[in-house]
Every structure is written in C-alpha cells, then in structure tokens.
Amino acid sequence: MAPNSVAVTMEKPDNFSLLEINGSDPSLFPDNKRKSISPKQFSWFILLKAHRLVSSLSWLFASVKKRLAFSSKAINEEEDPKSRGKQMYRFIKACLVISIVALLIEIVAYYKNWNLDLVNRPSWEVRGLVEWSYVAWLSFRSDYIAPIVITLSKFCTVLFLIQSLDRLVLCLGCFWIKFKKIEPKLKDDELDLEDASNFPMVLIQIPMCNEREVYEQSIGAASQLDWPKDRILIQVLDDSDDPNLQLLIKEEVAAWAEKGVNIIYRHRLIRTGYKAGNLKSAMTCDYVKDYEFVTIFDADFTPSPDFLKKTIPHFKGNPELGLVQARWSFVNKDENLLTRLQNINLCFHFEVEQQVNGVFLNFFGFNGTAGVWRIKALEESGGWLERTTVEDMDIAVRAHLNGWKFIYLNDVEVTCELPESYEAYKKQQHRWHSGPMQLFRLCLPSIIKSKISVGKKANLIFLFFLLRKLILPFYSFTLFCIILPLTMFIPEAELPLWIICYVPIFISLLNILPSPKSFPFLIPYLLFENTMSITKFNAMISGLFQLGSAYEWVVTKKTGRSSESDLLAFAEKEEKLHRRNSESGLELLSKLKEQEMNLAVQETPKKSIGGLMRPSNKIKKRNMVFKKELGLAFLLLTAAARSFLSAHGLHFYFLLFQGLSFLVVGLDLIGEQIN
C-alpha cells in the first residue's frame, strides 16, 4: 500500500461516495503538536479572559461610583424623609439581595454538578452543609414558593392578555375609521367670514408657572390667532414666583396690547390648586359671562392662526357638544432617543385611543390643552376642581356624566415640546399615572349613581380607569420586572416564550403603526416601556392609596426649542419693543438681562488661567442617579446570569437587555441631562 494512502473499511457499503485524499498535504493531517494546547497555554488563556471580565466590571462600577459622586444632591433628595417611594426601593433591594444569594448557591450547585435529583436522594448521601442547604432550598421552593409565584404569574398573564386584546380592538377600530374615512363633519354651514358679528365670543387662557423658556412663543402664537379682535380675549394666567420673570411676561403682554390685541395679564398672590386653581380663579372674572367658549393652551403650545376657525364651527348646530380636542405634534420628537420613544406612545394615544373613543363613544380624556370648551358645559359640570393633579381628566369625566359629547379632530395639530430629560419625563409620568387613581376613588360613586347608560358606566369603570390606568402598569411591572427574574431561580414557574417575546413584540408593533418611521426603534421601545413600568406602578399605588407623592405637582421643564426657527423674528420684535418703551423701561429690561447673565455666570464652572478665574464656555451638567432603576437593573442582570447557567436562550437575552436598559436609565444616560 502506498505510504500516503488511507484505508477505509465500511460495514454497509451500499451508498457511499469515494473521496481521494492526498496524505502528503500537511493541512489535512497537522502535526499533533499543533493540534494540542499545553496546560500552561490554556491557563494563560483563562487568565486573559478573566482579566478582561474584571476590567469590564471595574469600568462599570467606576461609572456607577462617578455618577453617585456627581449626584449626591439628587440622592439626598431621594433619601429625604419626606420623599415617598422608599418602601418600593426597599422591596427592590430585598429582592436583589435574595436573588444574589440564590445565584451564588446556584453557581456552587452548577460547578458541583448538583441537580434536582438531590431532593430524592437519601439524607445520608447528602454531604456538607452547603449541599444540605441547597437540598433544603429546593424542597422549600417547590413546596411553598413555586405555587405562589405560579398563581401570581397566571393572574398577571390573564391581565396581560386582556389588555393586549383591548389594544388590538382599538387598532381594529382605527383601521375601520381609516377604511370608511369617518371624520367629524359640520352639521351647519361654516361661519360667515364676511360678517364679524357671526363669530362667537372666545376666551383664550394660557396658564403658566415659571415658563421662562417658552412664554414668548405661546403668547405670540395666541395673539396671532385669526379671529375678530373684538370677539376674542387672551388671559395670560401667570403663577410664576420669580418677580423678574413676572415683569418680563408683563412686558410681553403690554407689547401685544399696543398692537391692538385684546390681552390681559393675571397673577395670583396665593398659588393654590396649581393649574386647576389658576383656571378656576380666571373663570370667576365678571367678564367671562360674555364669552361662549374657552380655549386652553399650555405655555409651550403654539397653535396655527386658523386653529379657532377649524374647531369652533363644530359647535354650531350641535348644542350637546361640550369639547373639541385637537392633536398634539412635537417639534423635538427627533431630538434624542427619549423623545423618539415618547413620540411613539403619544402618536398611538392620539391616532388610535382618542380617535376611536371620540368616533364610537363621543368621550375621551381631555388632554388639558389644545382644546375648546363650551363654557356652559364647564359650569354645569362643576367647573375646575383642585382635588386631583389631573384636573383635565376630572372635568372630562364629570362632563361625560352630565351628558355632554366630545369631538376629536385628528387633522388639527398644535405644536408643543416633549421632555428631553429622563428626570422631567419621569415626574410628568408620575403625575399622569397617580392622578387617574385619585380621580377613580373620588368619581366611582358618581359614576354608579349617574343617569348614563350601563354600557357607558362599564366603559368608564372597566376600560377607561381599571384596564388602561390600573391594570396596565400593574402587570407590566409585576410580570416583567419581578416575576420573570424570580422564575430564573424557580424553574417550576418558568414563563413561556410567547409571554416574554411573541405577544409583547406584536403589541409593540401595533403601538408603532401610527408612527411608521419609528419601526427601527421597536426593540428599544419595548425595553423602555418595561423600564418605565416601575415609575408608573409606583405612581398608580400612590394615587390609589392616597400617598403623599400623589399630590405632588412639578412643572415639566421646557427648553423652548419650538422657538428656535423663529429666533430672528423674535430678535427683531424685541428690538422694536425696546424702541417703543420708555427710557425707564429700557433700563428695567437691561437690568433684568444683566441679572440673568450674572446668574448664568455663577452657575458656569470656571477655569484658572494665569492665576485668574474666568467662566468656561461649557455648562457643567448635574448627573442624576435613579436608585430604583439601578436596583432593578442588577436584579435583572443577576437573573440573566442564572439564566445563562441554565442555557435558557431567549430568557437570557431578554433579561440581559432589559437589565442593561434599566442600567442606562438608572445612570441617566438617556435623553438630555438637566443643568
């Protein structure tokens, strides 16, 4: 036989192919020394991998330590005895400690090759205290913990499916509206644009509080509404506590008044009731009785000049109509990842929820701004009340109980801003999710006793309040942030893949349909919604049980980005304003500008050059640390490590990326940071 030949013997030589191999090719038969790796080389390889892992962990903990150092003020505020939510943080911390201990035990069991068979082994075969503890844990887990977790997970799964079905029905309703081209139609002819006396009297209200960045644009947009000057009055309702800002707003109002705009400035000395108190105080003025409709714009909203001509005509010939709501659009929706994700939620809210409820039920929650109310509907429903932080939803529910109908106009848009920092967004969401639970407690007896139909009562109680305001944050937090990581240590209660992956992705796809350009952000949106569930859950509990944080009202921070495109116009207007004002007015404005510059310089970090201190060009931003989000991040990452040991596949990847999502949010790495 040739020296380079290879002999192959086959027991069943029926179907096989012949392959000639040239044995002289060294690549096919490498030397044994090249195939094997020495123990020393393998040890160095393991040490190198371990070094890289330790370096990564060191970088992570160094980042956390740095954030903690820069956010001492924020942490002190969160640890303040007056702050609420400490119980939630303690609960998360307890779950984290338990999961870490369980993970350590599971790691030991993994490398000791222990398994579930230990439970059935005789006690004399169990050796060592650690092994005995592991056996005791397995027995206790299967007998006591697993049944509780399984029951809770089934309950949350049922709620999840009900809410998913509701989301699907809403989308089908939206498709039907698009297919049938259903939209609100005017019952009578449009307004006679030639005769100004046919225009109804309209009151414009602009409530604001310390809105330094946006007060000019909102007042300017309202002053340019296309409506007869003698048939409109603009109320600038300023609750600012900064005297300098009050003077600036007064000057802005005076400038528009000189142009012939019917505009007045109101300031309350005693600021009670927040926005509801401000609006309630404005409605007590004697001249309000001369007006038929009232339109509300928040300080960052800039309506187009034809806003009133697109909304007011719907009231004509429709005496049962109490509210016309317009859609929001956002000037900064592409500013950062946070604003993009917010835009997905709000596009679904307006395009689907508001439109479907408006068409089929003639009822939806008033959005608090960009809407026109019939003043008679407000008065008959009890007016603005200060009992909750969602005065807009409060008045909408009471008007619905009194038989008033609502119309939503999806094609009428009013531009506004989205919160660009996670801190501002979190506070806004806390108010938006605690207020409805406050209102539900207060309105439930009135809903039951009202004269509306049983179907409308069921819609208010079960869909409007319970399903969309209570059940959604409850199951989202409990199922995906608590039960799922715990099931990694309790395999008897492991959740199926369709709950973790398939159904959530399908629902997220439905949510993104109204904003198709956001499809690339499907996975970040899904992860971020679960991340926000802790804030929404905490807010829901606060409102439901009347905790102190449910009554907190924090004005959402604005950046004034909607005015960036009009910088030249505003500069021109300010120059004309200075020319028209008296010498004393100019001095006043210059002093205010100087005070603002001094304040900015004081807040600006300084550099030392040649022994002299001068302001730096960059303003140092204060980093925040959110402890609840960080606690859940490490809980989920711990569960991901346990899932990795069990080779769970999709469970591991979901827990890993969800934990990283919580970590990014907890370290305030999403959105713009606040000065």
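Residues numbered from 1 in each chain as written. Predicted model: local features only at pLDDT ≥ 70, side-chain atom pairs only at ≥ 80, totals over all residues. Heavy atoms only, no water.

Asker: Would you mind showing me how to read the state of the cysteines here?
Answerer: Such a bond, covalent and formed between the sulfur atoms of two cysteines, is termed a disulfide. Following the criterion strictly, the structure yields zero disulfides and no others. Not engaged in a disulfide, the cysteine C171 finds its nearest cysteine sulfur in C174; these two sulfurs lie 7.0 Å apart. (Disulfide = S-S within 2.5 Å.)

Asker: I tried to follow the sheet that holds strand β4 (residues 293-296) on my own but got confused; where do I start?
Answerer: What holds strands together in a sheet is hydrogen bonding between their backbones, with the strands either parallel or antiparallel. Taken in spatial order, the seven strands make up an open sheet running β3-β2-β1-β4-β6-β5-β7, and their pairing is mixed. Strand pairing shows two members of the sheet lacking a second neighbour, β3 (263-267) and β7 (405-416), which therefore form its edges. Adjacent strand axes in the sheet meet at a mean angle of 20 degrees, parallel and antiparallel pairs treated alike. Pairing between strand β1 (residues 202-208) and β4: four bridges, direction parallel. The residue of β4 that forms the bridge with L203 is V294. Here helix α7 (residues 243-258) sits on the sheet and contacts β1, β2 (232-238) and β3; the angle it forms with β3, its principal contact strand, is near 160 degrees. (Pairing = 2+ DSSP bridges. Helix = DSSP H or I, 4+ residues; strand = E, 2+ residues; numbered from the N terminus. Axes fitted to C-alpha atoms, helices over the stretch in contact; angles between N-to-C directions. Contact = heavy atoms within 4.5 Å.)

Asker: Just checking my understanding: could you explain helix α19 (residues 627-645) for this structure?
Answerer: Each α-helix turn comprises 3.6 residues. Residues three or four places apart therefore point the same way. Here α19 contains 19 residues, and its C-alpha end-to-end distance of 27 Å stays within 8% of the 27 Å for a straight helix at 1.5 Å per residue. In terms of burial, α19 is a largely internal element, 15 of the 19 residues being buried. Remark: A647 follows α19 within two positions and exhibits a positive phi of approximately 55 degrees. (Expected span 1.5 Å × (residues − 1). Buried < 20%, exposed > 50% of the residue type's maximum accessible area, 1.4 Å probe, protein only.)

Asker: Mind showing me how you'd approach the packing of helix α14 (residues 454-487) against helix α15 (residues 497-512) here?
Answerer: For any two helices packed against each other, the geometry is given by the interaxial angle and the distance between the axes. Here α14 crosses α15 at 160 degrees, and the two axes come no closer than 12 Å. Classified by the angle between their axes, α14 and α15 sit roughly antiparallel to one another. In the crossing of α14 with α15, the sense of the turn from one axis to the other is left-handed. Only I499, I500 and P504 of α15 make contact with α14, whose side of the interface consists of L479, F480 and L484. (Parallel < 35°, antiparallel > 145°, perpendicular 65-115°, else oblique. Left-handed = near helix turned anticlockwise from the far one by under 90°.)

Asker: When you look at the environment of L472 in this model, what are you seeing that I'm missing?
Answerer: With respect to the element layout, L472 can be found in helix α14. Measuring from C-alpha to C-alpha, the distance between L472 and Q163 comes to 6.9 Å, with 309 residues separating the pair along the chain.

Asker: Explain the UniProt feature "transmembrane region" (unreviewed entry) in the protein chain to me, please; I cannot follow it from the model alone.
Answerer: According to UniProt, the positions carrying the feature "transmembrane region" (unreviewed entry) are residues 91-111, 144-177, 460-489, 495-513 and 629-645. Each end of residues 460-489 is marked by a C-alpha atom, and these two atoms are 40 Å apart; helix forms 93% of the span and strand 0%. Note that residues 629-645 is 100% helix and 0% strand, and that its end C-alpha atoms are spaced 25 Å apart. (UniProt positions renumbered as here; feature names shortened; annotations may be inferred.)

Asker: Honestly, a nonpolar patch on the surface in this entry has me stumped. Any pointers?
Answerer: Taken together, L161, L497, W498, Y502, L650, Y653, F657 and L660 make up a surface patch of nonpolar side chains, about 740 Å² in accessible area. At the level of secondary structure, the elements contributing two or more residues to the nonpolar patch comprise α15 and α20 (650-666). Among the elements that make up the nonpolar patch, the one with the highest residue count is α20 (four residues). Topologically, F657 is positioned in helix α20. (Patch = residues over 30% accessible without salt bridge, like charges linked within 9 Å, V, L, I, M, F, W, Y side chains within 5 Å. Areas by Shrake-Rupley, 256 points an atom, 1.4 Å probe, with all protein chains shown as cover. Salt bridge = Lys/Arg side-chain N within 4 Å of Asp/Glu carboxyl O.)

Asker: Looking at this structure, how should I read the environment of I204?
Answerer: Mapped onto the elements of the fold, I204 is located in strand β1. A residue is classified by how much of its surface remains accessible, and I204, at 0% relative accessible area, is buried. The spacing of I204 and F293 is 89 residues in sequence and 8.6 Å in space, taken between C-alpha atoms. Setting aside residues no more than four positions away along its own chain, I204 makes contact with A222, L225, I232, L233, I234, Q235, T295, F297 and L308.

Asker: Teacher, can you tell me more about the pairing of β3 here?
Answerer: Strand residues, when the strand is regular, have side chains that alternate between the two faces of the sheet. Bridge analysis of β2 against β3 gives five bridges, and the strand direction is parallel. From the neighbouring strand, Q235 faces β3, where its bridge partner is I264. Note on the crossover from β2 through α7 to β3: the handedness is right-handed. (Right-handed = clockwise from strand over helix to strand, strands pointing away.)

Asker: In this structure, what is going on with α14? I would like to understand it.
Answerer: The first and last C-alpha atoms of α14 sit only 41 Å apart over 34 residues, clearly below the 50 Å expected at 1.5 Å per residue. Among the 34 residues that make up α14, 24 are buried, leaving the element largely enclosed by the rest of the structure.

Asker: Looking at this model, I keep getting lost on the side chain of D300. Mind explaining?
Answerer: The topology assignment puts D300 in the loop between β4 and α9 (307-311). Engagement of the side chain of D300 in a polar contact is seen with the backbone nitrogen of E417, the distance being 3.2 Å. (Polar contact = N/O pair within 3.5 Å; in protein donor to acceptor, adjacent residues only side chain to side chain.)

Asker: Before we go on, may I ask you to explain the pattern of salt bridges in this structure?
Answerer: If the charged atoms of two oppositely charged side chains come close together, the side chains can form a pair. Counted under the stated rule, the structure contains 18 salt bridges. With a shortest N-O distance of 2.9 Å, D298 and K275 are connected by a salt bridge. In this pair, D298 sits in the loop between β4 and α9 while K275 sits in helix α8 (residues 274-283), placing the two residues 23 residues apart along the sequence. Given a relative accessible area of 12%, K275 falls into the buried group. Across the salt bridge formed by K427 and E423, the nearest N and O atoms sit 3.5 Å from each other. Linking K427 with E423, this pair stays in helix α13 (residues 422-449), spanning four residues, or about one helical turn. Judged by relative accessible area, K427 falls into the partly exposed class, the value being 37%. Sharing partners across several salt bridges, the network here consists of K178, R327 and E351.

Asker: What's the story with the side chain of D239 in this structure? I'm lost.
Answerer: With respect to the element layout, D239 can be found in the loop between β2 and α7. Taking relative accessible area as the criterion, D239 reaches 5% and is therefore assigned buried. A distance of 2.6 Å separates the side chain of D239 from the side chain of R268, its partner in a polar contact. Residues within four places of D239 in sequence aside, it is in contact with M208, C209, H267, R268, R271, Y274 and N278.

Asker: Help me understand the pairing of β1, please; the structure alone is not making it clear to me.
Answerer: Of all seven residues in β1, seven are buried; the element is thus mostly enclosed. Going residue by residue along β1, you find V202, I204, I206 and M208 tucked away on one face and L203, Q205 and P207 tucked away on the opposite face as well. Each parallel crossover has a hand, and for β1 linked through helix α6 (residues 215-223) to β2 it is right-handed.

Asker: Is there a simple way to explain the packing of helix α16 (residues 522-544) against α20 in this structure?
Answerer: Relative to each other, α16 and α20 sit at 60 degrees, their axes nearing to 9 Å. Between α16 and α20, the angle falls in the class oblique. Helix-helix and strand crossings are classified by hand; for α16 and α20 the assignment is right-handed. Counting all contacts with α16, which are made through L527, F528, N530, T531 and I534, the residues of α20 involved are F654, F657, Q658, S661, F662 and V665. Of the residues that constitute the contact of α16 with α20, the class distribution is seven nonpolar, four polar and no charged. (Nonpolar A, V, L, I, M, F, W, Y, C, P; charged D, E, K, R; others polar.)

Asker: Even after reading the chapter, I still don't get the packing of aromatic side chains, so can you show me in this structure?
Answerer: Ring pairs (aromatic) are described by centroid distance and by the angle formed between their planes. One pass over the full model with this rule turns up 26 aromatic pairs. The interplanar angle of 65 degrees and the centroid separation of 5.6 Å between the aromatic rings of F364 and F406 together place this pair among those described as edge-to-face. In this pair, F364 is assigned in the loop between α10 (337-361) and β6 (371-374) and F406 in strand β7, connecting sequence segments 42 residues apart. Just as F364 is buried, F406 falls in that class too. Pairing F366 with W373 gives two aromatic rings, centres 5.6 Å apart and planes at 90 degrees, and the pair type is edge-to-face. Above the plane of the ring of W256 lies K259, whose end atom (NZ or CZ) is 4.0 Å from the centre. (Phe/Tyr/Trp six-rings, centres within 6.5 Å; stacked < 30°, edge-to-face > 60°. Lys NZ or Arg CZ within 6 Å of the ring centre and 35° of its normal.)

Asker: Is there a simple way to think about the nonpolar core in this case?
Answerer: Soluble, globular proteins show a tendency: their nonpolar side chains are buried together. If you look at the biggest cluster of nonpolar residues, it comprises 84 residues, and the most contacted ones within it are I204 and W373. Core analysis: the next-biggest nonpolar cluster, separate from the first, contains 57 residues, V149, F348, I482 and L630 among them. (Core = buried A, V, L, I, M, F, W, Y, C linked by side-chain atoms within 4.5 Å.)

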